[in-house]
Amino acid sequence: MKILCDTHSHTIASTHAYSTVHDYMRDAQLNGLQLFSLTDHGPSMPDAPHPWHFGNMKIIPRVVNDIAILRAIEANILPAPFANTRDRYVDLPDGMLGYLDFAIASFHEPVFAPGNRRDNTQAMIRAMASGVIQIIGHPGNPNFPVNQDEIVRAAKDCNVLLEINNSSFLLSRNGSEPHCRTLLELIDKHDGHISLGSDAHISLDVGRFDRTLSILDELGFDERRITTKTPARFLAFLATHGKPVAAELAPWLATLPTEP
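Residues numbered from 1 in each chain as written. Predicted model: local features only at pLDDT ≥ 70, side-chain atom pairs only at ≥ 80, totals over all residues. Heavy atoms only, no water.

### Section: the packing of helix α5 (residues 148-158) against helix α6 (residues 176-189)
- Packing of α5 against α6 brings their axes to within 10 Å, and their N-to-C directions diverge by 50°. Taken together, α5 and α6 sit at an angle that is classed as oblique. Viewed along their axes, α5 and α6 form a crossing whose handedness is right-handed. The residues of α6 that touch α5, namely those facing Gln148, Asp149 and Val152, are His179, Thr182, Leu183, Leu186 and Ile187. (Axes fitted to C-alpha atoms, helices over the stretch in contact; angles between N-to-C directions. Helix = DSSP H or I, 4+ residues; strand = E, 2+ residues; numbered from the N terminus. Parallel < 35°, antiparallel > 145°, perpendicular 65-115°, else oblique. Left-handed = near helix turned anticlockwise from the far one by under 90°. Contact = heavy atoms within 4.5 Å.)

What follows is the structure in structure tokens.
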């Protein structure tokens, strides 16, 4: 199975990553992608870029070398409502939303101290219910145990994808694999959908899903539930969230081979 989209990567704008946008353009092509996404960290992370970074992503071309580039963010799940909001438990200010093609929300220890299973579950569901995110990042993180059945049901209700993060099986978040396996089984059971993200912090890893695909194959996971398998699937999903990028990239999408 070939995955043609990568919805999670970090550039040197997040200072613990090591590649430029141009590096990603080159390696996305070398690694056979049709679409990749720039998702640097949201403002509450210690190494987050200045908010102007996200507003100015509009200067990045939509398509380079026949590969589409989405302008996005990995926001942070918060323990309390974000500044000047009543119920937005992710660090996405109103003024930023219009510049983003989509948003991931994730737990990160510098922002949200790991809590108990109940508190983590409530926080993740609040983030999904905020209405401003489309993907939950690395929900199998063992440092943040959750009630997976409740999370899968809430994701379906909120039309949010649950990410299977290839980096979690390699060098990050050790111990994620058993949590991701049970999560995938529940997603299959409840007719949910997933995104696949490399979470690349160096461009060589963009589009790398080797361990993830091995696990999906072992579980017999239904590939129709992988929303990020093709650009057509992912852009159709973003259209359900009212994201203009789906229409902006429609002419480019029409040039691609249709999915069998």
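Additional details are given in the paragraphs that follow.
### Considerations on the nonpolar core
- Counting residues in hydrophobic clusters, the biggest one holds 55 residues, and the most contacted among them are Phe36, Ile77, Leu92, Met128, Ile133, Ile136 and Ile194.
- The biggest single contributor to this core is α6, with five residues.
- Not counting the four nearest positions on each side in its chain, leucine 92 is found in contact with Ile73, Ala75, Phe82, Leu97, Leu100, Ala103, Val132 and Ile133.
- In terms of nonpolar packing, the next biggest core, distinct from the first, is built from 18 residues, Leu70, Phe234, Leu238 and Leu256 among them. (Core = buried A, V, L, I, M, F, W, Y, C linked by side-chain atoms within 4.5 Å. Buried < 20%, exposed > 50% of the residue type's maximum accessible area, 1.4 Å probe, protein only.)

### Focus on the environment of isoleucine 69
- Note on placement: isoleucine 69 falls in strand β4 (residues 67-76).
- Here the alpha-carbon distance between isoleucine 69 and aspartate 101, two residues 32 residues apart in the chain, equals 9.9 Å.
- Dropping the residues within four chain positions of it, isoleucine 69 is found in contact with Met25, Phe36, Leu38, Ile60, Pro61, Arg62, Val64 and Asp101.

### Concerning the pattern of salt bridges
- If you walk through the whole model with that rule in mind, you get 17 salt bridges.
- When the shortest N-O distance is used, the salt bridge between aspartate 23 and arginine 26 registers 3.6 Å. Of this pair, aspartate 23 and arginine 26 both sit in helix α1 (residues 21-30), separated by three residues, roughly a single helical turn.
- Looking at arginine 26, the relative accessible area reads 42%, which means it is partly exposed.
- Here aspartate 191 makes a salt bridge to arginine 225, at a shortest N to O gap of 2.3 Å. One end of the pair, aspartate 191, is in the loop between α6 and β8 (194-197); the other, arginine 225, is in the loop between α7 (210-219) and α8 (231-240), with 34 residues separating them in the sequence.
- Classification of aspartate 191 by relative accessible area gives partly exposed; the value is 39%.
- Look at arginine 225 and you get buried, because its relative accessible area is 13%.
- Through salt bridges with shared partners, one network takes in Glu177, Arg181, Arg211 and Glu218. (Salt bridge = Lys/Arg side-chain N within 4 Å of Asp/Glu carboxyl O.)

### Some details on a nonpolar patch on the surface
- Among the surface-exposed residues, Tyr18, Ile202 and Leu204 lie close enough to one another that they form a single nonpolar patch of about 340 Å² accessible area.
- Classification of tyrosine 18 as exposed rests on a relative accessible area of 61%. (Patch = residues over 30% accessible without salt bridge, like charges linked within 9 Å, V, L, I, M, F, W, Y side chains within 5 Å. Areas by Shrake-Rupley, 256 points an atom, 1.4 Å probe, with all protein chains shown as cover.)

### Side note on the layout of surface pockets
- The computed volume of the largest pocket comes to approximately 220 Å³.
- Residue lining of the largest pocket: 18 residues in total, with Asn159, Leu161, His193, Thr227 and Phe237 positioned closest to the centre.
- Elements that contribute at least two residues to the lining of the largest pocket include exactly α5, β7 (161-165) and α8.
- Ranked by the residues each element gives to the lining of the largest pocket, the list is headed by α8, at four residues. (1 Å grid on protein atoms, 1.4 Å probe; cavity = no way out; pocket = protein on both sides within 12 Å on 5 of 7 lines; lining within 4 Å. Points joined across faces, edges and corners; volume = space filled by probe spheres on them.)

### Some thoughts on α5
- Every buried residue of α5 is listed here: Gln148, Ile151, Val152, Ala154 and Ala155. Projection of α5 onto a plane perpendicular to its axis shows the buried side chains occupying an angular sector of 165°, all on one side.
- On its buried face, α5 is in contact with α4 (117-129), β7 and α6.
- Measuring from the side-chain oxygen of the N-cap residue of α5 to the backbone nitrogen of aspartate 149 gives 3.2 Å; that N-cap residue is asparagine 147.
- Phi turns positive, to about 55°, at asparagine 159, one or two residues after α5. (Arc of directions from axis to C-beta. Polar contact = N/O pair within 3.5 Å; in protein donor to acceptor, adjacent residues only side chain to side chain.)

### Things to note about the environment of leucine 161
- Locating leucine 161 in the fold gives a position in strand β7.
- Those residues in contact with leucine 161 that sit more than four places away from it in its chain are Gln134, Ile135, Ile136, His193, Ile194, Ser195, Thr227, Phe234 and Phe237.

### Details of the pairing of strand β5 (residues 102-106)
- For β5, the buried fraction is high: five of the five residues fall into the buried class.
- Burial along β5 is two-sided: Phe102, Ile104 and Ser106 facing one way and Ala103 and Ala105 facing the other are all buried.
- Looking at chain direction, β4 and β5 are connected through five bridges and run parallel. By the bridge assignment for β5, alanine 75 is matched with alanine 105.
- Pairing geometry for β5 and strand β6 (residues 135-136), over two bridges, is parallel. Paired with isoleucine 104 across the strands is isoleucine 135, a residue of β6. (Pairing = 2+ DSSP bridges.)

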